[in-house]
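An overview of the molecular structure
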There are 2 protein chains.
Amino acid sequence: MPNTEIYKIAIIGTGNVAVNLSLALKDAGLDIIQVFGRNKIFAKELAIKLNSSFTTDLKKITTDADLIILSILDSALSDVVNEINIENSLIVHTSGTTSIDVLKNASINYGVFYPLQTFIKQKRISFDNIPVCVEANNIENLKKIKQLAEKISKDVREINSDERKIIHLSAVIASNFSNYMYLVAEDVLKKHGIPFDILKPLIKETSEKIKEHNPKQVQTGPAYRNDLGVIKEHLDMLSNFPDYKEVYKLISENLLKLNMV
Amino acid sequence: MPNTEIYKIAIIGTGNVAVNLSLALKDAGLDIIQVFGRNKIFAKELAIKLNSSFTTDLKKITTDADLIILSILDSALSDVVNEINIENSLIVHTSGTTSIDVLKNASINYGVFYPLQTFIKQKRISFDNIPVCVEANNIENLKKIKQLAEKISKDVREINSDERKIIHLSAVIASNFSNYMYLVAEDVLKKHGIPFDILKPLIKETSEKIKEHNPKQVQTGPAYRNDLGVIKEHLDMLSNFPDYKEVYKLISENLLKLNMV
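Residues numbered from 1 in each chain as written. Chains lettered and ligands numbered in written order. Predicted model: local features only at pLDDT ≥ 70, side-chain atom pairs only at ≥ 80, totals over all residues. Heavy atoms only, no water.

What to know about the pairing of strand 4 (residues 67–70) of chain B
Residue and element names in this part refer to chain B. In plain terms, the rule: Each residue's exposure class comes from its accessible area (1.4 Å probe, protein chains only) as a fraction of the maximum for that residue type: buried when under 20%, exposed when over 50%, partly exposed otherwise. Only runs of H or I of at least four residues qualify as helices and only runs of E of at least two qualify as strands under DSSP, and these elements are numbered from the N terminus. When DSSP finds at least two bridges between two strands, those strands are taken to pair. Seen with its strands pointing away from the viewer, a crossover is right-handed if its path from the first strand over the helix to the second goes clockwise.
Side-chain alternation along strand 4 places Leu67 and Ile69 on one buried face and Ile68 and Leu70 on a second face that is also buried. Pairing of strand 1 (residues 8–12) with strand 4, which is carried by four bridges, proceeds in the parallel orientation. Bridging from a neighbouring strand, Ile11 pairs with Ile69 of strand 4. Sheet topology note: the strand 4/strand 5 (residues 90–93) ladder contains three bridges and is parallel. Directly across from Leu70, in strand 5, lies its bridge partner His93. Crossover connection from strand 4 via helix 3 (residues 74–83) to parallel strand 5: handedness right-handed.

Written out as structure tokens, the structure is:
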């Protein structure tokens, strides 16, 4: 019986996902043996945290690892895949959007390990409840990848590349675009000397309502209740913020339509 | 020395704010003596919960209350103000956008009591941390209104009508528009048979990040990292959702600009 467990890991990338994921894996008892980063400062910084070696040379990626995690920009994936030489090592990427097939040219053993969360370097978070979407080119590899994911998360799901793309798209909308709304709200307040903290209980409650209710049920606001007077006044108030005004207008139009359905 | 404390309250309106606010006041020991609602079923339903009387006739609004709370659509405020006859009773509205001045014709004693939160009837929430923005036409009335607000909330702020309008505008953006993003994300997932629950840890974390960081610092996503390939792919995936596609496009354009600043 072949050894199906992953112990030694190499990580390619030093971005938000690479940092958070590799630290979570280390905390779960895995051995991160190598970090690759084009930027020596970032690579060294992460390697120190992980107690691992590091390299800035793609050709020197180790073949001693049980798993190589490729956590880089989507746009760089196929170039890196063509440059590395990892023999038959198991390799996964962490992208929401890119198909598993991009890894075909890297090795005969490959898969996907996509943690569905928003990460920044400045804030470490527990992986416990983060859905990890896994996929692999065969059952043996899937088993290894799932086992690893289960060491850090209680919510591991087998998701194929097409579904994963949809999930990533919806995640961008639900997370990145909500955060953009916070950003706009903060900017509007700041321009008028009002501290952003006044909105924090509201933001908290808005995100908590959807735990138990679906978003349509809890939609409120002037557009949803057809209050054209308030919408007009808000648009006037945004005259000095043309980008924000356009966003306000478009979303209000969509909310008005929604209520007519 | 005049009695400055409010004990007896009448509430005009049976919407989301009226229901949540009147129940919170009752729980804090206030006596809600009358509910007005045009719709008899809603008025009676709320009156039963509050152990109060109710009326569907604006002319019968009681003058026995220490405070009358007007919690109705912005667009209906001035009409109702012209119809009621409440002598010199203290009256407040709960609107984010409408100026305190709309109440000039209702009484010589008036103010604003604006709880900054998103309310739905199906979910009761504690007022404890909800910022309550108060305003009044004189110091005596302000004192009364503040005292009342402090019975339900730890965060009572004196805010004038101009500031309140800005706060309300930013609240619509931060809350109603974020919820719209959840709604879109849910709809996209549903059309592909994927349950919305997969996004819940992400939504939670997105809203929690801004407790300690400002929204600009924690902005992530394809547009913010200039990943035009992913944006293009997402727009293609939204071909069957023209409204959502337009939203995706506009917000991504704004995020791309933001990163260039």
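Considering the interface of chain B and chain A
Interface size, as often reported, equals the accessible area lost upon joining of the parts. Which entries qualify depends on this criterion: In this analysis, two residues are considered to be in contact whenever any of their non-hydrogen atoms come within 4.5 Å of each other. Here the quantity called buried area is the total loss of accessible area, with a 1.4 Å probe, experienced by two parts when brought into contact, counted for both. For this document, the term salt bridge refers to a Lys or Arg side-chain nitrogen within 4 Å of an Asp or Glu carboxyl oxygen. Distance and chemistry together define a polar contact, namely a pair of N or O atoms within 3.5 Å, with one atom able to donate a hydrogen and the other to accept it when in protein, and with adjacent residues in sequence counting only for side-chain atoms on both sides.
Contact with chain B, which involves 87 residues of that partner, is made by 87 residues of chain A. In total, about 8700 Å² of surface goes out of reach between chain B and chain A, with carbon and sulfur atoms giving 70% of it. Between chain B and chain A we count ten salt bridges in total. There are 37 residue pairs in polar contact (both at pLDDT 80 or more) connecting chain B and chain A. Residue assignment for the side of chain B that touches chain A shows that the elements contributing at least two residues are helix 3, helix 5 (161–191), helix 6 (200–212), helix 7 (228–237) and helix 8 (242–260) of chain B.

Focus on helix 5 (residues 161–191) of chain A
Residue and element names in this part refer to chain A. We apply this condition: Take the residue count of a helix, subtract one, and multiply by 1.5 Å to get its expected span. At any given residue, the bend is defined as the angle formed between two axes, one fitted to the seven residues that end at that position and one fitted to the seven that begin there.
Its 31 residues give helix 5 an end-to-end C-alpha distance of 43 Å, which sits within 8% of 45 Å, the value for a rise of 1.5 Å per residue. Val172 marks the point of greatest bend in helix 5, at about 25°. A large share of helix 5 lies buried, amounting to 27 of its 31 residues. Just downstream of helix 5 lies Gly193, where phi reads positive at about 70°.

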